[in-house]
Amino acid sequence: MNYTADEMMTIAAARKFRNGATCFVGVGQPSIAACLARELHAPDIVLVYESGAIGPKPTRPPLSIADEELANTAESVVSVPEIFSYWLQGGRIEMGFLGTGQIDRFANLNSTVIGKYDSPKVRMPGAGGAPLISAGAREIVVIVRQTTKSFVAELDFLTTARCAGLTTVITDLGVLETDAHTRELALVSCHPGITVDRVREATAWPLAVHDSVSETPAPADLELSALRRLQ
């Protein structure tokens, strides 16, 4: 079955959800990946949303953190301060799934502006809960399309500092992880049909490459069918 680069990216992200893990999820691609993971291999993940939904089981990707689908299917709904103080600062979040506009070699994120802050070319949604998610979650997964405009040598604005633990970045070209010693992102996997040189061309810094880069498993028919039903 044929698939698009975005479908490969979303499916690769969905595979990162560990069954039973408590996962703080953003809207957009992270939520689509979460819904897919719940349907296929991680039915017992505990999703947490910034709006206060704990353990929702959405049957479709929510349009925003205030989507009634989250509240209606949640095990409980708590206040926003409790989400950040008890769940995030309390160390109860195992994985955080985020999107971004720009990322640098150390997995710092910009979701605020492209260009100068006081006269930007593009104004993005802003920080939201991303800085606290990155600071409080034990592991971060970032989902972003890879070009030299998104993988930049220097951020236009620092919205979210890198996570202290492991950060995995899943793109439409491959998978990168932060090195435990250098803290720099390194390419660990290329999606089918993508070469290391192609990934390097889409990166605005000299990309570190793992000693043994693997090929990401192609989407299975079951994964594609489930994803297309969600979308």
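Read on for a plain summary of the structure.

How each quantity is defined
Residues numbered from 1 in each chain as written. Predicted model: local features only at pLDDT ≥ 70, side-chain atom pairs only at ≥ 80, totals over all residues. Heavy atoms only, no water. Buried < 20%, exposed > 50% of the residue type's maximum accessible area, 1.4 Å probe, protein only. Helix = DSSP H or I, 4+ residues; strand = E, 2+ residues; numbered from the N terminus. Arc of directions from axis to C-beta. Contact = heavy atoms within 4.5 Å. Phe/Tyr/Trp six-rings, centres within 6.5 Å; stacked < 30°, edge-to-face > 60°. Lys NZ or Arg CZ within 6 Å of the ring centre and 35° of its normal.

**Observations concerning helix H4 (residues 80-88)**
Since the α-helix packs 3.6 residues into each turn, any two residues three or four apart lie on the same face.
Move 1: Buried within H4 are the following residues: Ile83, Phe84, Trp87 and Leu88. Projected onto a plane normal to the axis of H4, the buried residues spread over an arc of 110° and lie on a single side.
Move 2: Taken together, the buried residues of H4 touch strand S1 (22-25), strand S2 (46-48), strand S3 (53-54) and helix H5 (130-136).

**Here's the deal with the packing of aromatic side chains**
In this description, a pair of aromatic rings is defined by centroid distance and the angle of the planes.
Move 1: In the structure shown here, the tally under the stated rule is 5 aromatic pairs.
Move 2: Seen in terms of ring centroids, Phe24 and Phe84 are 6.2 Å apart; in terms of plane orientation they differ by 35°. Their pairing is tilted. Taken together, the positions of Phe24 in strand S1 and Phe84 in helix H4 put the pair 60 residues apart, joining distant regions of the chain. The burial state of Phe24 is the same as that of Phe84; both residues are buried.
Move 3: Taking the centre distance of 5.3 Å and the plane angle of 25° together, the rings of Tyr117 and Phe157 count as stacked. With Tyr117 in the loop between strand S8 (113-116) and strand S9 (119-123) and Phe157 in the loop between strand S10 (139-143) and strand S11 (166-170), this residue pair connects regions lying 40 residues apart in the sequence.
Move 4: Residue classification places Phe157 among the partly exposed positions, given a relative accessible area of 30%.
Move 5: Across the ring face of Tyr86, the terminal group of Arg92 is positioned such that the distance to the ring centre comes to 3.7 Å.

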